[in-house]
Amino acid sequence: VMEEAPSLPVSDQAEGSQLLVLSARSPRALAQAASQLADYLEGEPDTNLADVAWTLSAGRKAFSHRIAIAASSATEAATQLRGLETTAAIARGKPAHASDIVFLFPGQGSQYPGMGRELYKHEPAFREAFDACADAIEGRVSFDLRQAVFGDDADAMLPTSVMQPAIFAIEYATARLWLSKGATPAAMVGHSIGEFVAATLSGVF
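Report on the accompanying structure. (Residues numbered from 1 in each chain as written. Predicted model: local features only at pLDDT ≥ 70, side-chain atom pairs only at ≥ 80, totals over all residues. Heavy atoms only, no water.)

Before going further, it helps to spend a moment on the overall build of the chain. When helices and strands are tallied, the chain shows 9 helices and 4 strands. Sequence-ordered secondary structure for the chain, helices as α and strands as β, is β-α-α-β-α-α-β-α-α-α-α-β-α. In terms of overall size, the chain is more extended than a compact globule, its C-alpha atoms giving a radius of gyration of 21 Å where 205 residues would be expected to give roughly 17 Å. C-alpha extents for the chain along the principal axes are approximately 65 × 40 × 40 Å. (Helix = DSSP H or I, 4+ residues; strand = E, 2+ residues; numbered from the N terminus. Rg over C-alpha atoms; globule rule 2.2 N^0.38 Å.)

What the rule picks out here adds up to 7 salt bridges. One salt bridge connects arginine 82 with glutamate 42, and the closest N-O pair in it is separated by 2.9 Å. Residue arginine 82 is found in helix α3 (residues 74-82), and its partner glutamate 42 is found in helix α1 (residues 27-43); the two are separated by 40 residues along the sequence. Overall, arginine 82 belongs to the partly exposed group, its relative accessible area being 37%. Of the charged contacts in the structure, one is a salt bridge between aspartate 135 and arginine 146, with a shortest N-O distance of 3.0 Å. Residue aspartate 135 is found in helix α6 (residues 124-137), and its partner arginine 146 is found in helix α7 (residues 145-150); the two are separated by 11 residues along the sequence. When its relative accessible area of 45% is taken as the criterion, aspartate 135 is described as partly exposed. For arginine 146, a relative accessible area of 23% puts it in the partly exposed group. Salt bridges linked by common partners bring Asp131, Asp135, Asp144 and Arg146 together as one network. (Salt bridge = Lys/Arg side-chain N within 4 Å of Asp/Glu carboxyl O. Buried < 20%, exposed > 50% of the residue type's maximum accessible area, 1.4 Å probe, protein only.)

This part is about the nonpolar core. Residues Phe105, Phe126, Phe130, Leu145, Val149 and Ile170 are the most contacted members of the largest nonpolar core, which totals 25 residues. Among the elements that take part in this core, helix α8 (residues 160-180) stands out by supplying 8 residues, more than any other. Apart from residues no more than four positions distant in its own chain, phenylalanine 130 is found in contact with Tyr120, Leu145, Arg146, Val149, Phe150, Ala169, Ile170 and Ala173. With 20 residues, the next largest nonpolar core counts Ala24, Leu49, Ala77 and Leu81 among its residues. (Core = buried A, V, L, I, M, F, W, Y, C linked by side-chain atoms within 4.5 Å. Contact = heavy atoms within 4.5 Å.)

Another aspect to go through is the side chain of glutamine 18. Note that glutamine 18 resides in strand β1 (residues 18-24). With relative accessibility at 16%, the residue glutamine 18 sits in the buried group. Once residues lying within four places of it in the same chain are set aside, the contact partners of glutamine 18 are Leu49, Ala50, Ala53, Ile69, Ala70 and Ala71.

Turning next to the packing of α1 against helix α2 (residues 49-58). Orientation of α1 relative to α2, taken along the N-to-C sense of each, is 155°, at an axis distance of 12 Å. Comparing their axes, α2 and α1 come out roughly antiparallel. The interaxial crossing formed by α1 with α2 has right-handed handedness. Between α1 and α2, the contacting residues are Leu37, Tyr40 and Leu41 on the first element and Leu49, Val52 and Leu56 on the second. Here the contact of α1 with α2 is built from residues that sort into 6 nonpolar, no polar and no charged. (Axes fitted to C-alpha atoms, helices over the stretch in contact; angles between N-to-C directions. Parallel < 35°, antiparallel > 145°, perpendicular 65-115°, else oblique. Left-handed = near helix turned anticlockwise from the far one by under 90°. Nonpolar A, V, L, I, M, F, W, Y, C, P; charged D, E, K, R; others polar.)

Another aspect to go through is the packing of aromatic side chains. For the structure on display, the rule yields 7 aromatic pairs. Relative to phenylalanine 130, the ring of phenylalanine 126 has its centre 6.3 Å away and its plane inclined at 15°; by these criteria the two rings are stacked. Taken together, the residues phenylalanine 126 and phenylalanine 130, both in helix α6 and 4 residues apart, mark about one turn of the helix. The two residues phenylalanine 126 and phenylalanine 130 agree in class, both being buried. Geometrically, the ring pair formed by phenylalanine 130 and phenylalanine 150 is tilted, given 4.8 Å between the ring centres and 40° between the ring planes. (Phe/Tyr/Trp six-rings, centres within 6.5 Å; stacked < 30°, edge-to-face > 60°.)

The next point concerns the side chain of aspartate 131. Tracing the chain through its elements places aspartate 131 in helix α6. Take aspartate 131: its relative accessible area is 19%, and that puts it in the buried class. Once residues within four sequence positions are removed from consideration, aspartate 131 is found in contact with Tyr120 and Arg146.

Set out below in structure tokens:
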């Protein structure tokens, strides 16, 4: 006896940009897939883009010709898929090959106010790692690391005593986020404070 599958509850609308990944066996097939997805999104402008992103990521095979776009709405995604930049990228794209991942950590001068704020808000792995850094220096410094980094005051991070732990915490937490997603580096390199992040993640410290 067969019957219709039960209806699934409507998923929550996701906030922020969603990554849409397409792949195909050839540039021509990839262009066709992009056009078909644009057609669908234009016909269903209220679709939950997070559901589309999940299906494309988890429910499709990965082929050698690939593109990825980031969009916050179905309309924006359709526009990008039909855009000249995407069309040109598909036409000149080369087949992807498996390769190793390398984490690169920059040093001082890479900081800016509010960096990592949305990651802290939405990504538990990032938040846990950043909190571990903030808790480690609590009581040893005269400022709150979260307030200094996630605030909008650019001058708050100018002192070296603030800038260096801020950069370390952001880079360490970002790496922990990537690791939680399954991105395992074959090597890590860093400059200045970034060297300390690489050393910590690799177990040297």
